[in-house]
Amino acid sequence: MNTPLKVAVVGAGPAGLYAVERLAKQPGVEIDLIERLVTPFGLVRYGVAADHQSTKGVARTLARPLDKGQAAFHGGVTLGETVSLAELRELYDAVVLATGAGVDRRLDVPGEHLPGVVGSGRFVGWLNAHPDHLERPIPSRPVRQVVVVGAGNVAIDVARILAKTPEELVASDLDPEIAAELASWPLERVTFLIRRGPEEMRFTPPELEELGKLARAQPLVSANDLPAAQGEEPKTLTLLRRWTGAAARPVSIAFRFHAVPAAFEGDGALEAVRLADGTRLPADLAVTCIGYGCAPLAGLPLVEGRLARAEGALQPGLYVVGWAGRGPSGTIPTNRTESHRVAEALLAEVEPAGKPGRAGLLALIKARGATPVDWAGWQAIEAAEKAAAVAPAPRRKLRVGFPLPLVAGEGGERQ
Ligand code: NAP
């Protein structure tokens, strides 16, 4: 029998899982999927908005190679803690890093540290019950005025979730306690602070359009802020025109263009955002949705907040896919194309060298005293989350850190 090619993929988000999908199509490849969390799917589970369940449905496709046993899942295994990159490279013919970009970019303006000012990674992580963000990232107080900095789809997700009524969120997987808190807020206004003009927003048309279909909220745009209509224009600009002169509703969604935050102000907690032109906007909550960078990883240098990437491989036998290499851009299908391309390059470039692979990894993990969650363990978590949900919510995510209680898997019963 031919020696199998042994590949470790680190990170079980879409980029890593699409790499697994492509590698699994090639006979004779042993694939191990290593993940810091005990749950797979990365941003599909913890980043995609809780009310966009159809987008989250991609998890069923992503899970297929694991469901079929074409790859093994090792959840709760941290690169740089449980196992080092040097060790993985000794154990495997090739390593694919798909570790994402999990650190909020900062505006670097005075007052950004004030309670009530939060980056979208932390805020969305909290809304989505991410184990790193179980602690509330904002003060417990009524929120009337929200400022959202940025004009990308994450900014829209944040605005929409806050602006929706409880009825509009009932089929989401928002944590019920958080949903109850949001419902208790006397919300009046969400304001986007957009540093460019209305022609240059990064919102995509379907996401922007959704804001015009909410039960209690109304996007409001001042006609004076828009350029005169002349021929072809971005669809997003046409959408803004629809909302000029719209009748007010209980919650307004406002757009401020050429608006650059200069400082967050408040006595002990956020009270207002001061713009570069001197305007002072009252605010109880400010969410900065301005992108993400990577945390330093396993001694690899960071270039502009991401892992340096040469064409194809980072180093011989070491590959990077997804936001860790590309930066925080693109949709889930963008990762499919890229991860397949990189996996194909790997398959063409790397020869099997009789490395220990999975057997060596499991021995190392055991020696370190770690108890990983395997695919059966994840399926047990998933079943528990589905059982705990109140219909029509699809799941109630376990709000647990580590170690996980009561997860049965190959590693045995956990305490
Ligand atoms: P994004 O689309 O890159 O938007 C980031 C926004 O932050 C931009 O408006 C940017 O302005 C602004 N910004 C950056 N630095 C700033 C600063 N210092 N001061 C003020 N504004 C600043 O990123 P994202 O919203 O985080 O989304 C990440 C990726 O995920 C995107 O590709 C997005 O489309 C995707 N995504 C998709 C969906 C969906 O399909 N439903 C949902 C969520 C996310 P400039 O344009 O001026 O740089």
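Attention in this report is confined to the structure presented alongside it. (Residues numbered from 1 in each chain as written. Predicted model: local features only at pLDDT ≥ 70, side-chain atom pairs only at ≥ 80, totals over all residues. Heavy atoms only, no water.)

## Concerning empty space enclosed by the protein
Let me state the cut-off plainly: Of the grid points, spaced at 1 Å and generated over the protein atoms alone, those admitting a 1.4 Å probe that cannot get out make up cavities, while open sets with protein on both sides within 12 Å along at least five of seven lines make up pockets; any residue with an atom within 4 Å of a point is treated as lining. Grid points are joined across faces, edges and corners, and a volume is the space filled by probe spheres set on the points. We count a stretch as a helix when DSSP gives it H or I for four or more residues in a row; a strand needs E for two or more, and each element gets its number in order from the N terminus. Think of it as three bins: nonpolar holds Ala, Val, Leu, Ile, Met, Phe, Trp, Tyr, Cys and Pro, charged holds Asp, Glu, Lys and Arg, and polar takes everything else, Gly as well.
Evaluation of the coordinates by the stated rule reveals three cavities of 30 Å³ or more. Roughly 60 Å³ of volume is contained in the second largest cavity. Forming the walls of the second largest cavity are Gly47, Val48, Ala49, Ala50, Val124, Leu127, Asn128, Asp157, Val158, Ile161 and Leu174. Mapped by element, the contributors of at least two residues to the lining of the second largest cavity are α7 (120-127) and α8 (153-163). Top element by residues in the lining of the second largest cavity is α8. It accounts for three residues. Considering only residue class, the lining of the second largest cavity consists of eight nonpolar, two polar and one charged.

## A look at helix α15 (residues 375-388)
As a reminder, the rule being used: By definition here, a helix of n residues has an expected span of 1.5 Å times n minus one. Residue contacts are counted whenever heavy atoms from the two residues lie within 4.5 Å of one another. In protein, a polar contact requires one atom able to donate a hydrogen and another able to accept it; more generally it is a pair of N or O atoms within 3.5 Å, and residues adjacent in sequence count only if both atoms are side-chain atoms.
Taking 1.5 Å per residue, 14 residues should reach 20 Å; α15 reaches 20 Å between its end C-alpha atoms and fits that length. Its buried side turned inward, α15 meets α2 (42-46), α5 (64-67) and β3 (71-75). Sitting at the head of α15, Asp374 places a side-chain oxygen 3.2 Å from the backbone nitrogen of Ala376.

## Section: the packing of aromatic side chains
Note on aromatic pairs: each is described by the distance of the centres and the angle between the planes. Heads up, the rule is: Pairing of aromatic rings covers Phe, Tyr and Trp, the last counted by its six-membered ring, and requires centre-to-centre distances within 6.5 Å; plane angles under 30 degrees mean stacked, over 60 mean edge-to-face, and any other angle means tilted. The cut-offs for exposure are 20% and 50% of the maximum accessible area for each residue type, with area from a 1.4 Å probe on protein chains only; residues under the lower value are buried, those over the upper are exposed, and the others partly exposed.
Evaluated as defined, the whole model comprises ten aromatic pairs. Ring centres of Phe123 and Trp126 lie 6.0 Å apart, and the angle between their planes is 45°; on these two criteria the pair is classed as tilted. Remark: Trp126 and Phe123 occur in helix α7; sequence separation between them is three residues, near one turn of the helix. Judged by its relative accessible area of 3%, Trp126 is buried.

## Looking at the packing of helix α1 (residues 14-24) against helix α13 (residues 332-349)
Quick note on the threshold: With axes taken as lines fitted to C-alpha atoms, and helix axes fitted only over the stretch in contact, angles between N-to-C directions fall between 0 and 180 degrees. What sets the label is the angle itself: under 35 degrees gives roughly parallel, over 145 gives roughly antiparallel, 65 to 115 gives roughly perpendicular, and the rest give oblique. Each crossing is labelled by how the near helix is turned from the far one, with a counterclockwise turn of less than a right angle marking it left-handed and a clockwise turn marking it right-handed.
Across the interface, α1 lies against α13 with an axial gap of 8 Å and an inter-helix angle of 45°. One way to sum up the angle between α1 and α13 is to call them oblique. Remark: the crossing between α1 and α13 carries right-handed chirality. Across the interface between the two elements, Pro14, Ala15, Tyr18, Ala19, Glu21, Arg22 and Leu23 of α1 pack against Ile332, Asn335, Arg336, Ser339, His340, Ala343, Glu344, Leu346 and Leu347 of α13. Tallied by class, the residues present in the contact of α1 with α13 amount to nine nonpolar, three polar and four charged.

## A short note on the side chain of Asp51
Along the chain, Asp51 falls in the loop between α2 and α3 (53-56). At 2.7 Å, the side chain of Asp51 forms a polar contact with the side chain of Lys164. Excluding residues within four positions of it along the chain, Asp51 makes contact with Arg160, Ile161, Lys164, Leu169, Ser172 and Glu210.

## Concerning the sheet that holds strand β12 (residues 272-275)
As a reminder of what qualifies: Strands are treated as partners if at least two bridges between them are detected by DSSP.
Spatial strand order, β11-β12-β13: three strands in an open sheet with antiparallel pairing. Bordering the open sheet on either side are β11 (261-265) and β13 (280-282), each of which pairs with just one other strand. Put simply, the sheet's adjacent strands are angled 25° from each other on average, direction ignored. Bridging between β11 and β12 involves four bridges; their strand directions are antiparallel. Looking at the pairing, Pro261 lines up with Leu275 of β12.

## Details of α13
In a regular helix each residue adds 1.5 Å, so 18 residues correspond to 26 Å; α13 covers 26 Å between its end C-alpha atoms and thus fits that length. Looking only at α13, the buried set comprises Ile332, Asn335, Glu338, Ser339, His340, Val342, Ala343, Leu346 and Leu347.

## Regarding the site of the ligand
Short version of the rule: Put simply, a residue is near a molecule or strand once any heavy atom of it comes within 4 Å of that molecule or strand. Using a 1.4 Å probe, the Shrake-Rupley method yields the accessible areas, and only the shown protein chains count as cover for residues.
Surveying the vicinity of the ligand reveals 18 residues, the closest of which are Ala151, Arg195, Arg196, Arg202 and Gly330. Arg196 places a polar side-chain atom, nitrogen or oxygen, 2.5 Å from an oxygen atom of the ligand. Cys289 is positioned such that a nitrogen or oxygen atom in its backbone is 3.3 Å from an oxygen atom of the ligand. Relative to its unbound accessible area of 920 Å², the ligand is 82% covered by the protein chains. Each residue belonging to the shell around the ligand can be placed in one class, and the counts come to eight nonpolar, five polar and five charged.

## Side note on the sheet that holds β3
Taken together, six strands build an open sheet; the order of strands is β3-β2-β1-β4-β19-β18 and the sheet is mixed. Lying at the two open borders of the sheet, with one neighbouring strand each, are β3 and β18 (313-315). Going from strand to strand, the sheet's axes swing by 25° on average, the running direction of each strand aside. Summarising the sheet, strand β4 (residues 94-97) and strand β19 (residues 318-320) pair through three bridges and their orientation is parallel. Considered in β19, the bridge of Val96 is made with Tyr319. The strands touched by α1 within the sheet are β1 (5-10), β2 (29-35), β3 and β4, with β2 carrying the most contacts at an inclination of about 170°.

## What about the side chain of Lys164?
With respect to the helices, strands and loops of the structure, Lys164 is situated in the loop between α8 and α9 (176-184). Owing to a relative accessible area of 12%, Lys164 belongs among the buried residues under this scheme. With near-sequence residues (within four places) excluded, Lys164 lies in contact with Asp51, Leu169, Glu210, Leu214 and Arg216.

## Points about the nonpolar core
Convention followed: Only buried residues count toward a nonpolar core. Its members are Ala, Val, Leu, Ile, Met, Phe, Trp, Tyr and Cys residues joined through side-chain atoms within 4.5 Å.
Grouped together as the largest cluster of nonpolar side chains are 47 residues, with contacts concentrated most on Phe123, Phe192, Phe203, Leu208, Leu240, Phe255 and Leu285. At the level of elements, α7, β7 (145-149), α8, α9, β8 (189-193), α11 (235-242), β10 (251-256) and β14 (285-288) are the ones that each hand at least two residues to this core. With seven residues, α8 is the single largest residue contributor to this core. If we ignore the near neighbours within four places in the chain, the residues touching Phe203 are Gly150, Ala151, Gly152, Asn153, Ala155, Ile156, Phe192, Ile194, Leu208, Thr236 and Phe255. Of all hydrophobic cores here, the second largest spans 41 residues; its members include Ile31, Val44, Ile332 and Val373.

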